[in-house]
Amino acid sequence: MSVENYFDDKEKPLVLALTKDLIRGAGATLSSDDVNVIHSTINKGIVSGHFKRDKYGINPTIRHLRTANLLVSSIAPDRSMIVATMLYELCKNDFVQLSEIESQFGDDIAKLVRGLLKVSELYQKQAAVENDNFHKLLLTFAEDIRVIIIMIVDRLNLMQTINHHPNEKFVHDIANESRYLYAPLAHRLGLYVIKSELEDLSLKYLNRSIYAQIAHKLNETKKERDKYVDDFIRPIKMALEKSGMKFTIKGRTKSINSIWNKMRKQGVDLSGMYDLFAIRIIIDTPPESEKKDCWIAYSIVTDIYTANPSRLKDWITIPKSNGYESLHITVKGPSDHWVEVQIRTKRMDEIAERGLAAHWKYKGIKSEGGLDEWMNNVRDVLEAGEKGPMELIKNMQMNIYDKEVFVFTPKGDLYKLPQGATVLDFAFHIHSRLGCQCVGGKIDGKNQKLNYKLKSGDTVEIISSSTQTPRLDWLNFVVTSKARNKIKQSVNEMRAKETDIAKELIQRRFKNRKIELEEAKMMKVIKKLGFKQATDFFVEIAQERLDANIVLETYLAIDKKEAEEPVHESAQNFVLQQQTSKAEKDTDDVLVIGENVKGINYKLSKCCNPILGDKIKGFIASDGAIKIHREDCKNLQHLLSKYPYREIRTQWSGKLGAQFAANLRIIGQDDIGIVTNITSVINKEGNASLRSISIDSHDGLFQGFLVIGISSIQALNELIKKIQNLKGVKNVERENI
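Residues numbered from 1 in each chain as written. Predicted model: local features only at pLDDT ≥ 70, side-chain atom pairs only at ≥ 80, totals over all residues. Heavy atoms only, no water.

Helix and strand counts for the protein chain come out as 29 helices and 21 strands. Residue pairs in contact within the protein chain that sit at least 24 positions apart in sequence constitute 66% of those at least 6 positions apart. (Helix = DSSP H or I, 4+ residues; strand = E, 2+ residues; numbered from the N terminus. Contact = heavy atoms within 4.5 Å.)

What follows concerns helix α12 (residues 208-217). Taken together, the buried positions of α12 are occupied by Ile210, Tyr211 and Ile214. All buried residues of α12 fall inside an arc of 100° around its axis, so they share one side. Away from the buried face of α12 by more than 90 degrees, exposed residues Ser209 and His216 are located. (Buried < 20%, exposed > 50% of the residue type's maximum accessible area, 1.4 Å probe, protein only. Arc of directions from axis to C-beta.)

The next subject is the sheet that holds strand β20 (residues 701-710). With antiparallel pairing, 4 strands are arranged side by side in an open sheet as β19-β20-β18-β21. Edge positions in the sheet fall to β19 (688-698) and β21 (729-734), since each has one partner strand and no second. Across the sheet, the mean angle separating the axes of adjacent strands is 20° when strand polarity is ignored. The pairing of β19 with β20 spans 10 bridges and is classified as antiparallel. (Pairing = 2+ DSSP bridges. Axes fitted to C-alpha atoms, helices over the stretch in contact; angles between N-to-C directions.)

Applying the stated criterion to the full structure yields 8 aromatic pairs. Note on Phe510 and Tyr555: the rings are 4.7 Å apart at their centroids and 80° apart in plane angle, and the pair reads as edge-to-face. Placement of Phe510 in helix α22 (residues 481-512) and of Tyr555 in helix α25 (residues 548-563) is noted, with a sequence separation of 45 residues between them. According to the relative accessible area criterion, Phe510 is buried, its value standing at 2%. What links up through ring pairs into an aromatic cluster is the set Phe531, Phe537 and Phe538. (Phe/Tyr/Trp six-rings, centres within 6.5 Å; stacked < 30°, edge-to-face > 60°.)

Turning next to the packing of helix α4 (residues 60-74) against helix α5 (residues 79-92). For the pair α4 and α5, the least separation of the axes is 9 Å and the interaxial angle reads 165°. Judged by the angle between their axes, α4 and α5 are roughly antiparallel. Here the hand of the crossing between α4 and α5 comes out right-handed. Across the interface between the two elements, Pro60, His64, Leu65, Thr67, Ala68, Leu71 and Val72 from α4 touch Met81, Ile82, Thr85, Met86 and Glu89 from α5. (Parallel < 35°, antiparallel > 145°, perpendicular 65-115°, else oblique. Left-handed = near helix turned anticlockwise from the far one by under 90°.)

Right, let's talk about unusual backbone geometry for a bit. Of note in the backbone geometry, Ser335 takes a positive phi value of approximately 60° without being a glycine. By secondary structure assignment, the location of Ser335 is in the loop between β5 (327-332) and β6 (338-345). The phi dihedral of Asp444 is positive, around 50°, even though this residue is not glycine. Here Asp444 shows up in the loop between β9 (438-443) and β10 (446-448). The exposure class assigned to Asp444 is partly exposed, which follows from its relative accessible area of 46%.

Moving on, we get to the sheet that holds strand β15 (residues 626-630). Taken in spatial order, the 4 strands of this open sheet run β13-β15-β14-β16, and their pairing is mixed. Every interior strand has two partners, whereas the edge strands, β13 (602-604) and β16 (647-648), have only one. Of the pairings in the sheet, the one linking strand β14 (residues 616-620) to β16 comprises 2 bridges and is antiparallel in character. The residue of β16 that forms the bridge with Phe619 is Glu647. This element, helix α27 (residues 634-642), spans β14, β15 and β16 of the sheet and lies at about 50° to β14.

Our focus in this paragraph is helix α3 (residues 32-47). Its 16 residues give α3 an end-to-end C-alpha distance of 23 Å, which sits within 8% of 22 Å, the value for a rise of 1.5 Å per residue. A positive backbone phi angle near 85° is found at Gly49, which sits one or two residues after α3. (Expected span 1.5 Å × (residues − 1).)

Of note, Ile174 is situated in helix α10 (residues 168-188). Considered as a pair, Ile174 and Leu206 are 32 residues apart in the sequence and their alpha carbons are 9.8 Å apart.

We now examine the nonpolar core. Soluble globular proteins tend to pack their nonpolar side chains together in the buried interior. In this structure, Ile101, Ile152, Met159, Ile162, Ile194 and Leu198 are the most contacted members of the largest nonpolar core, which totals 65 residues. Sequence-distant contacts of Leu198, defined by excluding residues within four places in its chain, comprise Ile152, Arg155, Leu156, Met159, Ser178, Tyr182 and Ala183. Counting 30 residues, the second largest nonpolar core, distinct from the first, contains Ile611, Ala688, Ala715 and Val729. (Core = buried A, V, L, I, M, F, W, Y, C linked by side-chain atoms within 4.5 Å.)

Right, let's talk about the confidence of the model for the protein chain for a bit. Atomic detail in the predicted coordinates should be set aside for any region of low pLDDT. For the protein chain, per-residue confidence averages 79 on the pLDDT scale, and residues scoring 70 or more make up 80% of the total. Contacts from residues 565-588, a stretch scored under 50 in pLDDT, to residues over four places away or in other chains number 40 contacts. (pLDDT = per-residue confidence, 0-100.)

Moving on: the environment of Asn549. Examined against the element boundaries, Asn549 turns out to sit in helix α25. Look at Asn549 and you get partly exposed, because its relative accessible area is 37%. C-alpha of Asn549 to C-alpha of Phe510: the two residues are 39 residues apart in sequence and 9.8 Å apart in space. Reaching out from Asn549, the side chain makes a polar contact with the side chain of Arg509 at a distance of 3.0 Å. (Polar contact = N/O pair within 3.5 Å; in protein donor to acceptor, adjacent residues only side chain to side chain.)

Attention shifts here to the pattern of salt bridges. Throughout the structure, instances matching the rule amount to 23 salt bridges. One salt bridge in this structure joins Glu199 and Lys195, with 3.5 Å as the shortest N-O distance. Of the two residues, Glu199 and Lys195 are both situated in helix α11 (residues 192-206); the distance of 4 residues between them amounts to about one turn of the helix. Classification of Lys195 as partly exposed rests on a relative accessible area of 21%. Each of Asp78, Asp108 and Arg146 takes part in salt bridges that share partners, so that together they form one network. (Salt bridge = Lys/Arg side-chain N within 4 Å of Asp/Glu carboxyl O.)

Structure follows, in structure tokens:
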């Protein structure tokens, strides 16, 4: 295609005019060599077919010329911003490489073009621009604040040119992006004129009838409105000067978008609005005189104009939570127009305009960093003066979100995760079940492992398998607390299930061989096989890394060894042997065994932990010791069904002095201080002590397992009642191990 055929008859003179305006406006910023090279490069791009109109028919040459002119008129850009704006499209369409731009125009321009290219990638993700995470990701990708400024000005240019575009969806989407993304960014950068125009144009394209209605009712010319403001201000200015105050007065008519927001908020039409005009009085006064001078200015204004008392807003006496301070009054001006007057000091005005950064400055508080403070610093530089502010900000680092990463789903949903987060962290962030079954992920279409560290802008697709289960070694690379907690919980749940499976397997093997399974002997088996924890032993069996037959053989070997020692066949001919132990010296026996005999070698069974007051029975174990069980103990019932002759009558002597172990299970709300309250109740009991406690919380609930030292069943029941009455406790019950 030739350059002549590329532009239509209307565009040719427009391109010429825009080019002349740019050269004139940029002045010394843009050299004649720059203009010639840009012109030549664009012409070559047009001829080669790399500088085409976009799918909406917009000519990129004219668009970028308009943007460059807007930059010159509103921002005073440096050379790099202008050149990058003109050449970015050719680089995006692969006509010019970044390396060529760097060698021909320098590193700084190449940096801006690279930032514009990276940001353009985000729009291919189909993310919702109203998502605050998209704003943060945009700033992270831009790398240079000048990239954001170019984008904002380019968006204003686009909004100014699509008024009569035939594609209504395209216009609607652009207006929506402008409202939720570009206008807020412009406001944060202090580009208030651009922000206001973006908002007005957004309203115009998204709700034309409302815009037209308000615009029609505001049909006064700018000259007439300015005259009204001047007439309103004149008597106030004279009175303030007479009082000796140092001040400035600003006056304006509110934007159409601002008026529409007020109408919606107040639920009135335009005729019912009080404040189409806004006047701001800014007083220069020391801090100790601020309130007094503001109220003096208030009295001067209300002496001249009639105030509406119901519209008084005193944010000086009680500032807003964000630090905003000002005195707002609404008065009736000439021709009975209602006018809002804001009265504040220079300090208050700086806080109102610059937000938290100024508030920290006056309060002597050091900022912890973040977007608002950083943006205010940029705005300070933009307002620094005539000596090229862009030169000052081009080296500023866009590292405000260096502790976070922002990633997309294939559908365009955007999520924020901490720096260092992996594919597995993201899977758990989406859903716990997805995390548990995650086997890897696709990052921008490429397969990656579970421990791949995500980067901002990645599109992440999780690959899962129903056969996958969480593993403890996952804890070595996940960084989010949700992932860590869920992995631990899932592993514990699986180990508990595997333990139950293994126990059933062992019991079945023993039952088939008609062998009595005794807890004490099994503990000896576990120890002999080299396990410190019983859970590890059972997990090995469930996962078939330990053969149940080996367990059975080891158990029989221990049983045979113990069988060589004399064992009493029944309780009737069992000879009770008294013993003296340290425990007996410390406290009297609390048990009477057989025919009222004390001092017998007995053990309280750990499977049911009997307590003084429980109904109990004795059982003679194979090692000759008597084990005391609660009558309702399932283990005891199983043993007696096989060996009824080993039962021996047992009862409590009624004497106190010893403490017994009792297991409690507590369920309740996971509130702050709930564990402290429970332990406090136990510690206050003179006949109780807390021996161990373990807590597991999930989804706002906690489950606690406590081992209590207690003197009797009566004391335990009283303690259970007291714990049950604690706020947040849902259930307390005694349980077997």
